[in-house]
Amino acid sequence: MDPLKKKFHQKATALGTEIRNLLKEKGDTKVDEVVIKQLYGGARGIKMMIWEPSQLDPIEGIRFRGFTIPELKEKLPKTKNGKEPRPEGLFWLMLVGEVPTEEEVDWLTSQWIRRSNVPEHTFKALDALPTDTHPMTQFSTAIISMQTESVFSRRYGEGMSKDEYWDATYEDTMNLIARLPRVAAYIYRRTYHNGMHIAPNTHLDWAGNFAHMLGIEGEDFKSLMRLYLTVHADHEGGNASAHATHLVGSTLSDPYYSLAGGMNALAGPLHGLANQEVIKWIFKMVDALGTRKPTKEQVADYVQSTLNAGQVIPGYGHAVLRRPDPRFVAQKEFAEGYIKNDDIVNIVWMLFDIVPDILKGLGKVKNPWPNVDAHSGALLVHYGLTEYSFYTVLFGVSRALGVLAAQCWSRALGFPLERPKSVTTGWVKEYLADK
Ligand code: HAX
């Protein structure tokens, strides 16, 4: 058994025993209560699932196994001479709750290289789609086409015992994550570069090789990819892509089906697609104003006109966060360290100065601050990745790390089919009348 799998099995067995005892002794303890506005309001804030890899605090932001993003930047192994954390290290941390050593991360990189062979029929399935198909549709198609390789589905069909679900899920998780950069780069190159594909470089780390296959050379872009694929990896379990993955997986659909479900949720403009919407909106503003160096007044007027048109300001607001998103801050710090005087980056910073006060003035926006998607596009544009309809695929490659680590835990801990209760408005009225 490989060292990560062995470690995961030990941890999961120990936690499984702890949870069984906890449920026996405290299973009926109340942890939440639900009010009617939550029934109509997207179930905001209702505690209803266990998610081991990360937890989100409205003020502090995300913590991965207890570590904030600045702590991750300090503690996770980096490449030689590199300053950004390697996402392999974050996956290790999310899966087993321990900060890995450099050797452990090197081992994981080599595992993912070994497992990265994408089946030929996946490329054929992608090639059958028109090249103007949205990259997220292509990404979801590619993931579901690889389901033919699922170890979980094959072993389930052969009569696998419940005790082995975790093992088969781990195998699918490792294979799937290993293949995603190749698949995503293939989509990028077929969509925007006439199908001129770039062979993987097996001497590079997972994120560095992804940057290389996209065709954007230079150490700084590789560094950006390491940071990008780290900060987007997980945001506890209730967000739409994570929850969708979790829900699909709870039916014992394998990780391929589950991740495709999660990616279909990520493709929505209120969630992951916001990263393309932000830069699309900024480009539209630059076009409308006829300058890449607008004044504060011009930007404020443009923000106002977007709101007057009944649209949201993309990249601002959050269902849980109530402060500037630490993932935004991490990307801003990257720009401050690596990029000197870029017009689009400057606009993003100007928006950070202007938008919160305007949103506060509406009196209804609970969080007027920027989220993760407000900054990422400007960084990508700076390095030449200007095709913004691809951006959500980058998010998806990263998000796979968290949601699949969580799926390993769900199967190891034997979590059941997810089935919350719904009611009708008629039921609500009757309930209120009875009260
Ligand atoms: N611009 C304008 N209005 C906004 C707004 C924004 N950025 N954010 C919230 N509001 C509005 C809501 O539309 C809502 O209006 P109505 O009552 O008229 O429907 C009101 O403020 C209250 O909303 P809320 O409670 O503050 O926010 P929600 O929890 O309902 O929604 C969203 C959270 C992220 C969906 C929301 O802030 C939004 O639409 N933001 C813009 C899109 C975006 O950036 N999405 C990415 C979020 C992060 C993420 O998941 N990334 O993947």
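Located above this text is the structure these notes cover.
Residues numbered from 1 in each chain as written. Predicted model: local features only at pLDDT ≥ 70, side-chain atom pairs only at ≥ 80, totals over all residues. Heavy atoms only, no water.

Enquirer: For this particular structure, what's the right way to read the side chain of Arg-399?
Expert: Along the chain, the position of Arg-399 falls in helix α19 (residues 391-412). No salt bridge forms around the buried Arg-399; measuring N to O, its nearest opposite-charge neighbour Asp-234 is 5.0 Å away. Among the polar contacts listed, one links the side chain of Arg-399 to the side chain of Asn-239, at a separation of 2.9 Å. Filtering out sequence-adjacent residues up to four positions away, Arg-399 remains in contact with His-232, Ala-233, Asp-234, His-235, Asn-239, Ser-241, Met-263, His-271 and Arg-327. (Helix = DSSP H or I, 4+ residues; strand = E, 2+ residues; numbered from the N terminus. Buried < 20%, exposed > 50% of the residue type's maximum accessible area, 1.4 Å probe, protein only. Lys, Arg positive; Asp, Glu negative; His and termini not counted. Salt bridge = Lys/Arg side-chain N within 4 Å of Asp/Glu carboxyl O. Polar contact = N/O pair within 3.5 Å; in protein donor to acceptor, adjacent residues only side chain to side chain. Contact = heavy atoms within 4.5 Å.)

Enquirer: Looking at this structure, how should I read the nonpolar core?
Expert: General note: in soluble globular proteins, nonpolar side chains tend to be found buried as a group. Counting 113 residues, the largest nonpolar core has Phe-91, Leu-95, Phe-139, Phe-221, Ile-282 and Leu-385 as its most contacted members. Ignoring sequence-local partners within four residues, the contact set of Phe-91 consists of Leu-4, Leu-108, Trp-112, Thr-173, Met-174, Ile-177, Leu-401 and Ala-405. Counting five residues, the second-largest nonpolar core is a separate cluster that includes Phe-152, Met-160, Tyr-165 and Ala-168. (Core = buried A, V, L, I, M, F, W, Y, C linked by side-chain atoms within 4.5 Å.)

Enquirer: Looking at this structure, how should I read the site of the ligand?
Expert: What surrounds the ligand is a group of 21 residues, the closest being Gly-315, Tyr-316, Lys-364, Lys-366 and Asp-373. In the environment of the ligand, an oxygen atom lies 2.8 Å from a nitrogen or oxygen atom belonging to the side chain of Lys-364. Interatomic distance of 2.7 Å between a side-chain N/O atom of Asp-373 and a nitrogen atom of the ligand. Within the shell around the ligand, the residues separate by chemical class into 11 nonpolar, six polar and four charged. (Near = heavy atom within 4 Å. Nonpolar A, V, L, I, M, F, W, Y, C, P; charged D, E, K, R; others polar.)

Enquirer: Help me out: how do you make sense of the pattern of salt bridges in this one?
Expert: Opposite charge on two side chains allows them to pair when their charged atoms are near. Applying the stated criterion across every chain, the model contains 24 salt bridges. A salt bridge links Glu-88 to Arg-86; its shortest N-O distance comes to 4.0 Å. The same class applies to Glu-88 and to Arg-86, which are both buried. Where Asp-167 meets Arg-155, a salt bridge forms, and the shortest distance between an N and an O atom there is 3.2 Å. With Asp-167 in helix α9 (residues 165-192) and Arg-155 in helix α8 (residues 151-157), the pair connects residues that are 12 residues apart, well separated along the chain.

Enquirer: How do you make sense of the pairing of strand β2 (residues 61-64) when you look at a structure like this?
Expert: On any regular strand, side chains alternate: one points to one face of the sheet, the next to the other face. As paired strands, strand β1 (residues 54-57) and β2 are joined by four bridges and run antiparallel to one another. Of the residues in β2, the one forming a bridge with Gln-55 is Arg-63. Between β1 and β2, which pair antiparallel in sequence order, lie three residues. (Pairing = 2+ DSSP bridges.)

Enquirer: Can you walk me through the environment of Leu-4 in this structure?
Expert: Its place among the elements puts Leu-4 in helix α1 (residues 3-26). The sequence separation of Leu-4 and Ala-400 amounts to 396 residues, and the corresponding C-alpha distance is 18 Å. Apart from the residues within four sequence positions on either side, Leu-4 is in contact with Phe-91, Trp-92, Leu-95, Val-96, Trp-107, Leu-108, Tyr-170 and Met-174.

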